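Summary of structural features
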Amino acid sequence: MTLITKEALHKKSPQEITALLYEACMKNLEDAKSAIAQKNYNSANEKLQKANDILERLGAGLNYEAGIVADQLDAVYNYMADRLIKANLNKDIIIIDELLILLKELSSAWNKALVVNKDTQVKTSKQKTSAYEQHSLYDN
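Each chain has its residues counted from 1, following the order in which its sequence is written. Selection of residues for local features in this predicted model requires a pLDDT of at least 70, selection of side-chain atom pairs for listing and counting requires 80 or more, and totals for whole chains, interfaces and linings are taken over all residues. By convention in this description, side-chain values take in all heavy atoms of the structure and omit both hydrogens and water.

Re the overall build of the protein chain
Selection rule: Secondary structure elements are defined from DSSP: runs of H or I of at least 4 residues count as helices, runs of E of at least 2 residues count as strands, and each element is numbered from the N terminus. For each residue, the accessible area found with a 1.4 Å probe, counting protein chains only, is set against the maximum for its type, and the residue is called buried under 20%, exposed over 50%, and partly exposed in between. The contact definition used throughout considers only heavy atoms, calling two residues in contact when any of these lie within 4.5 Å.
For the protein chain, the helix and strand inventory stands at 5 helices and 2 strands. Relative to its full complement of 140 residues, the protein chain shows a buried share of 32%. A fraction of 57% describes how many contacts in the protein chain between residues 6 or more apart in sequence connect residues 24 or more apart.

Some thoughts on the nonpolar core
What counts, and what does not: In this text, buried Ala, Val, Leu, Ile, Met, Phe, Trp, Tyr and Cys residues form a nonpolar core when linked through side-chain atoms within 4.5 Å.
Grouped together as the largest cluster of nonpolar side chains are 29 residues, with contacts concentrated most on Leu 29, Leu 55, Tyr 77 and Ile 96. Listing elements by their share of this core, those giving two or more residues are α2 (14–37), α3 (41–60), α4 (68–90) and α5 (93–116). Ranked by the residues each element gives to this core, the list is headed by α2, at 10 residues. Beyond its immediate sequence surroundings of up to four residues, Tyr 77 is in contact with Tyr 22, Leu 55, Leu 58, Gly 59, Leu 62 and Leu 106.

A word on the side chain of Ser 107
Assignment of secondary structure puts Ser 107 in helix α5. Look past the residues within four positions of Ser 107 in its chain and what remains in contact with it is Tyr 22 and Met 26.

What follows is the structure, given as structure tokens:
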């Protein structure tokens with residue numbers, strides 16, 4: 001994962017931010033696995049908490065006007081958050097691997113949808129409608 005500046009982040013569409021959040025969540029889970037293997041439980045705890053924070057942000061960014069997919073994603077995120085808490089309590093790598101599989105599938109599907117459904121709006125300013133930046137304006 002590469003670090004991006006705040007300015008570059010503000011130029012991303014909500015869909016691209018979601019893709020970045022998936023990537024960051026997977027990175028934190030991989031780092032937590034490494035920390036557990038090294039018996040660095042404090043670091044593992046921090047990484048797992050960051051992953052849980054990202055799942056909360058993903059849930060907060062759902063657009064429920066998009067239809068049943070948003071409800072289904074909400075259920076998946078809640079399931080993953082519950083499993084993540086159990087993984088953190090027990091420092092359970094098996095649960096972390098289960099979550100990584102789910103996230104990789106979600107991320108892959110999301111990235112495919114991004115390619116298929118490129119933003120076709122005219123290059124004008126538009127108001128973002130996601131929960132991430134409801135009151136921000138950006139240019140394409």
